[in-house]
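# Observations on the model geometry
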Amino acid sequence: MGIRNILADKGYYDATNLAGVEALGMEPFVAERKSKPRQAGGYGPREFEYDEEADVYVCPEGRELTSHGRWYHQRESRGGRAQTDRRFKRYRLSNTICSQCPIREQCLSEAARRNRHGKVIYHHEHAAALARNHQRLQEWPEVYPSRQAIVEHPFGTIKRSWGAYFTLVRGLDQVDGEFSLLACCYNLRRSVSILGVPELIRRLKGRTSPANGPLPGLGGSLEDFVAAFGAYLLLLSQIKPPRPIFA
């Protein structure tokens, strides 16, 4: 059975990433980045409803923010000239209308009021993917927290407890092999905690019997496997990792 759900932290909260995952037939559950807190009584971007059929945003006061229909390319950095593949539209409300709004001071930024600009909303071309991700997080709030139980414990143990703050090799293939050894060590350590040593040995011997063949992906006996990751642990123990810096 294929993968149905993808869980990721807010570092991957990007409309393009979410749309790409959905295009592969999977549903992403990605933590949302916290937006700047709006002033008391003001309106944040989520209070502006997008009407896809009319291609307008409607503010809570019932005014429509319209666009010229032009797509803009996001730049790599503020003031930079290099463009990215991310596209967005601008939806504006004139200052003539915003100046008459009773809560314009809470809705508009200080710079917008000073320069006499109306409300502006930036609409990403994959904004619908962001909306669907938000809806999934609201409908199934128990799904995303399970990521901490699935991911944080293995990586926390490998990095903090075992001191694997860096890899001993370079290159994608080499690092992939090194981390595979670390993952095997973690799985064996967890298996010892869950099953106990005698039961683990019994099950491993059963997997390497003449009837079942070698362990999948190893191509050798249990003794060869133990010798391989034992040598790696010995090498790792001889290198003093840098002390972690805590903010």
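Not measured: the values here are computed from a predicted model.

Along the backbone of the protein chain there are nine helices and eight strands. Long-range pairs, those at least 24 residues apart, make up 52% of the contacts in the protein chain between residues at least 6 apart in sequence. Put simply, the protein chain shows about 17,800 Å² of open surface, and 52% of that area lies on carbon and sulfur atoms.

What follows is about the sheet that holds strand β3 (residues 49–51). Strands sit in the order β3-β4-β5 across an open sheet of three strands; the sheet is antiparallel. The strands lining the two open edges of the sheet, one partner per strand, are β3 and β5 (64–65).

Next up on the list: helix α6 (residues 146–161). For α6, spanning 16 residues, the distance from its first C-alpha to its last is 22 Å, which sits close to the expected 22 Å at 1.5 Å a residue. Along its length, α6 reaches its greatest deviation from straightness, about 35°, at Glu152, and the proline Pro154 lies no more than four positions downstream. Among all positions in α6, only Arg147, Pro154, Thr157 and Ile158 are buried. The secondary structure elements touched by the buried residues of α6 are β1 (5–8) and α7 (172–195). Gly163 lies just past α6 and shows a positive phi near 75°.

This part is about a negative patch on the surface. Together, Glu49, Asp51, Glu52, Glu53 and Glu64 give the surface a local cluster of negative charge. Looking at the secondary structure, you find Glu64 in strand β5. Classification of Glu64 as partly exposed rests on a relative accessible area of 47%.

We now examine the state of the cysteines. A full pass over the atoms with the stated rule returns zero disulfides. The thiol of Cys107 is unpaired, and the distance to the nearest cysteine sulfur, on Cys101, comes to 6.3 Å. Of all cysteine sulfurs, the one in Cys184 lies closest to Cys185, which takes part in no disulfide; the gap is 7.0 Å. For Cys185, a relative accessible area of 8% gives the class buried.

A few words on helix α1 (residues 15–23). Those residues of α1 that sit buried are Ala15, Leu18, Ala19 and Val21. Taken around the axis of α1, the buried residues stretch over an arc of 160°, which confines them to a single face. Lining the buried residues of α1 we find β1, β2 (27–30), β8 (120–124) and α5 (127–139). Sitting at the amino-terminal end of α1 is Asp14, which places a side-chain oxygen 2.9 Å from the backbone nitrogen of Thr16. Phi for Gly25, located one or two positions after α1, is positive at around 85°.

Procedures and definitions
Residues numbered from 1 in each chain as written. Predicted model: local features only at pLDDT ≥ 70, side-chain atom pairs only at ≥ 80, totals over all residues. Heavy atoms only, no water. Helix = DSSP H or I, 4+ residues; strand = E, 2+ residues; numbered from the N terminus. Contact = heavy atoms within 4.5 Å. Areas by Shrake-Rupley, 256 points an atom, 1.4 Å probe, with all protein chains shown as cover. Pairing = 2+ DSSP bridges. Expected span 1.5 Å × (residues − 1). Bend = angle between axes of the 7 residues up to and from the residue. Buried < 20%, exposed > 50% of the residue type's maximum accessible area, 1.4 Å probe, protein only. Patch = residues over 30% accessible without salt bridge, like charges linked within 9 Å, V, L, I, M, F, W, Y side chains within 5 Å. Salt bridge = Lys/Arg side-chain N within 4 Å of Asp/Glu carboxyl O. Lys, Arg positive; Asp, Glu negative; His and termini not counted. Charge placed at Lys NZ, Arg CZ, Asp CG, Glu CD. Disulfide = S-S within 2.5 Å. Arc of directions from axis to C-beta. Polar contact = N/O pair within 3.5 Å; in protein donor to acceptor, adjacent residues only side chain to side chain.

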